[in-house]
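Here is what each chain is made of, one letter per residue.
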Amino acid sequence: LNRAQIYQWNPSTKRLDRSPPSTLRPGEAYVVAILRDNTTLSLSEVLTASPRIDPLSARARPRPLWESTLAIESRSGVEELAFGMHPNASSSWDLAFDEPAPPALPWEGNPGQVGWMSDDEAFPLLAKDVQQFSASGRWDLRIDLPEPVKLWGRHLPNGYRVVLVH
């Protein structure tokens, strides 16, 4: 599995953490995003038997030509969404580049969701969205939080600017 596909429940923030766990522990809550049809998920002692083997990061991903982050700060915390460009990326879901956002939690008290909007039925929100390289790009942002937010960007390459349209 790719590390971006496993999310761990954080009881202190009441959110699913996008940072992958280093080990899977009994009694902990996880969400696993399966990215392909007809996938079988098998867990065994192999996952923790050898600290030299990290099966969660076994698949290498191509690096975007440029990548930036948009931070969304609310009373619940800060969520960072990555976006960028690569010549081999597309304008829709790319297994090699994009990462799904953690799914919405189905119970009361859910703090909400943020993410780049996707046309993919399985992953309607993305935590990372890499588009095909061009002089300009468009990323549609969804903020579904019950409170005001502050936004700021990081690492935007020269010649690009962010324009927020409401």
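Residues numbered from 1 in each chain as written. Predicted model: local features only at pLDDT ≥ 70, side-chain atom pairs only at ≥ 80, totals over all residues. Heavy atoms only, no water.

Caption draft 1: View of the overall build of the protein chain. Along its length, the protein chain carries 1 helix and 10 strands. Secondary structure of the protein chain in N-to-C order comes out as β-β-β-α-β-β-β-β-β-β-β. By the burial criterion, 35% of the 166 residues in the protein chain qualify as buried. In the protein chain, the share of contacts with a sequence separation of at least 24, taken over all contacts with a separation of at least 6, comes to 67%. Split by element, the accessible area of the protein chain, about 10,700 Å² in all, is 51% carbon and sulfur. (Helix = DSSP H or I, 4+ residues; strand = E, 2+ residues; numbered from the N terminus. Buried < 20%, exposed > 50% of the residue type's maximum accessible area, 1.4 Å probe, protein only. Contact = heavy atoms within 4.5 Å. Areas by Shrake-Rupley, 256 points an atom, 1.4 Å probe, with all protein chains shown as cover.)

Caption draft 2: Representation of the environment of Ala 104 in the model. Looking at where Ala 104 falls in the secondary structure, it is placed in the loop between β6 (99–100) and β7 (113–117). When the C-alpha atoms of Ala 104 and Leu 125 are compared, they prove to be 9.8 Å apart, with 21 residues separating the residues in sequence.

Caption draft 3: Focus on the environment of Ser 90. Topologically, Ser 90 is positioned in the loop between β5 (77–86) and β6. For the pair Ser 90 and Gln 131, spaced 41 residues apart in sequence, the C-alpha to C-alpha distance is 5.4 Å. Setting aside residues no more than four positions away along its own chain, Ser 90 makes contact with Val 130, Gln 131 and Gln 132. Among the polar contacts made by the side chain of Ser 90, one reaches the main-chain amide nitrogen of Ser 92 at a distance of 3.2 Å. (Polar contact = N/O pair within 3.5 Å; in protein donor to acceptor, adjacent residues only side chain to side chain.)

Caption draft 4: Structural detail: the nonpolar core. Counting 14 residues, the largest nonpolar core has Phe 83, Trp 116 and Trp 139 as its most contacted members. Contributions of two or more residues to this core are made by β4 (66–74), β5 and β7. Not counting the four nearest positions on each side in its chain, Trp 139 is found in contact with Trp 66, Phe 83, Gly 84, Met 85, Trp 116, Asp 129 and Gln 131. (Core = buried A, V, L, I, M, F, W, Y, C linked by side-chain atoms within 4.5 Å.)

Caption draft 5: Highlighting the packing of aromatic side chains. Scanning the entire structure with this criterion turns up 5 aromatic pairs. An aromatic cluster is present here, built from Trp 66, Phe 83, Trp 116 and Trp 139 joined pairwise through their rings. (Phe/Tyr/Trp six-rings, centres within 6.5 Å; stacked < 30°, edge-to-face > 60°.)

Caption draft 6: Region of the structure containing unusual backbone geometry. Backbone geometry places His 155, a non-glycine residue, at a positive phi of 65°. Its place among the elements puts His 155 in the segment after β10 (150–154).

Caption draft 7: Geometry of the environment of Lys 150. Among the secondary structure elements, Lys 150 is positioned in strand β10. Taking the C-alpha atoms as reference points, Lys 150 and Arg 75, separated by 75 residues in sequence, lie 10.0 Å from one another. Not counting residues within four places of it along the chain, the set of residues in contact with Lys 150 comprises Ala 71, Ile 72 and Glu 73.

Nothing here speaks to function; it is geometry throughout.
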